[in-house]
Amino acid sequence: MNWDNTQIIPRLERHEEAVSRWRYEGAYAFYNPVEPFCAVHPDRPMDSGSFAWVDAAGNVLGHISYGLDGRIPTEEGYPYSGDFLDVGLGLRPDLCGRGFGRDFVRLCLRFGQEQYGTDRFRLSVAAFNTRAVKVYQRAGFSIVCEVTNAVFRNKFYIMTGTYTGA
């Protein structure tokens, strides 16, 4: 993949519609939306913390959310402190498992640092998603605790890390 021909841009309804049609296989089907999003106004921006990673043709390669959208409700009432910027992200299914994960995470962290002026980030990741957990650990994140998602009742890890630009 030529990373020079990609960029992170504000997520529009058309990007959201594309992401809603992605289909992951096996256990990763957990991430498949229940219903596809239908773009009524394709060029209307989604919320201010939502971004799309696109190629030169505008195809969505990944999605990123900063702030509240990166958090999950927990049965334990995990106290998401303001010390970290929460990040939620996803890579298009056909790009998963091809070695792009760590660079994608670093790209998201660098962009988050530029946009929000912080180098401290937090992720909430499904515990079964060992592939993502390994990628996040390789990008410098550590597991802080395990929580239970209050909606789906499955285990998640809260992970924190610092972006150093390396």
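Residues numbered from 1 in each chain as written. Predicted model: local features only at pLDDT ≥ 70, side-chain atom pairs only at ≥ 80, totals over all residues. Heavy atoms only, no water.

Q: Teacher, can you tell me more about the overall build of the protein here?
A: Scanning the protein from terminus to terminus reveals three helices and seven strands. The C-alpha atoms of the protein give 15 Å as radius of gyration, which agrees with the globular expectation for 166 residues (15 Å, within 12%). Seen through its principal axes, the protein has C-alpha atoms that stretch 40 × 35 × 30 Å. Counting across all 166 residues of the protein, residues that qualify as buried make up 46%. (Helix = DSSP H or I, 4+ residues; strand = E, 2+ residues; numbered from the N terminus. Rg over C-alpha atoms; globule rule 2.2 N^0.38 Å. Buried < 20%, exposed > 50% of the residue type's maximum accessible area, 1.4 Å probe, protein only.)

Q: Just to check I follow, could you spell out the packing of aromatic side chains for this structure?
A: For any pair of aromatic rings, the description consists of the separation of the ring centres together with the inter-plane angle of the planes. What the rule picks out here adds up to 14 aromatic pairs. The lysine or arginine in question, R131, covers the ring of Y28, its NZ or CZ lying 4.0 Å from the ring centre. (Phe/Tyr/Trp six-rings, centres within 6.5 Å; stacked < 30°, edge-to-face > 60°. Lys NZ or Arg CZ within 6 Å of the ring centre and 35° of its normal.)

Q: Hey, could you run me through the pattern of salt bridges in this one?
A: Side chains that carry opposite charge are capable of pairing whenever their charged atoms lie near each other. Under the definition given, this model contains eight salt bridges. A salt bridge links R21 to E17; its shortest N-O distance comes to 2.8 Å. With a shortest N-O distance of 3.1 Å, E75 and R153 are connected by a salt bridge. Placement of E75 in the loop between β3 (60-66) and β4 (85-91) and of R153 in the loop between β6 (142-148) and β7 (155-162) is noted, with a sequence separation of 78 residues between them. (Salt bridge = Lys/Arg side-chain N within 4 Å of Asp/Glu carboxyl O.)

Q: Could you clarify how one ought to interpret the environment of R120 in this entry?
A: Structurally, R120 can be placed in strand β5 (residues 120-126). Residues R120 and T160 lie 40 residues apart in sequence; the distance between their C-alpha atoms is 7.4 Å. Discounting residues that sit within four places of it in the chain, R120 has contacts with D83, F84, L85, G161 and T162. In this structure the side chain of R120 is engaged in a polar contact, spanning 3.5 Å, whose partner is the backbone oxygen of D83. (Contact = heavy atoms within 4.5 Å. Polar contact = N/O pair within 3.5 Å; in protein donor to acceptor, adjacent residues only side chain to side chain.)

Q: For this particular structure, what's the right way to read the side chain of E17?
A: With respect to the helices, strands and loops of the structure, E17 is situated in helix α1 (residues 13-20). E17 gets classed as buried once you look at its relative accessible area, which sits at 17%. In terms of polar contacts, E17 uses its side chain to reach the backbone amide nitrogen of A39, at 3.3 Å. Discounting chain neighbours no more than four positions away, the residues touching E17 are F37, C38 and A39.

Q: Would you mind showing me how to read the packing of helix α2 (residues 101-116) against helix α3 (residues 130-138) here?
A: In a packed pair of helices, the relevant descriptors are the angle between the two axes and the axis-to-axis distance. Where α2 meets α3, the closest approach of the two axes is 9 Å, and the angle between their N-to-C directions is 60°. What the angle tells us is that α2 and α3 run oblique. The crossing of α2 and α3 is right-handed. Contacts between α2 and α3 involve G101, R102, V105 and R106 from the first element and V135, Y136 and R138 from the second. Of the residues assigned to the contact of α2 with α3, the class counts are three nonpolar, one polar and three charged. (Axes fitted to C-alpha atoms, helices over the stretch in contact; angles between N-to-C directions. Parallel < 35°, antiparallel > 145°, perpendicular 65-115°, else oblique. Left-handed = near helix turned anticlockwise from the far one by under 90°. Nonpolar A, V, L, I, M, F, W, Y, C, P; charged D, E, K, R; others polar.)

Q: So what exactly am I meant to see when it comes to the nonpolar core here?
A: Soluble globular proteins tend to pack their nonpolar side chains together in the buried interior. Counting residues in each nonpolar core, the largest one holds 29 residues, and the members touching the most others are W53, I64, Y66, L89, V105, Y136 and F141. Of all the elements, α2 adds the most residues to this core, at six residues. (Core = buried A, V, L, I, M, F, W, Y, C linked by side-chain atoms within 4.5 Å.)

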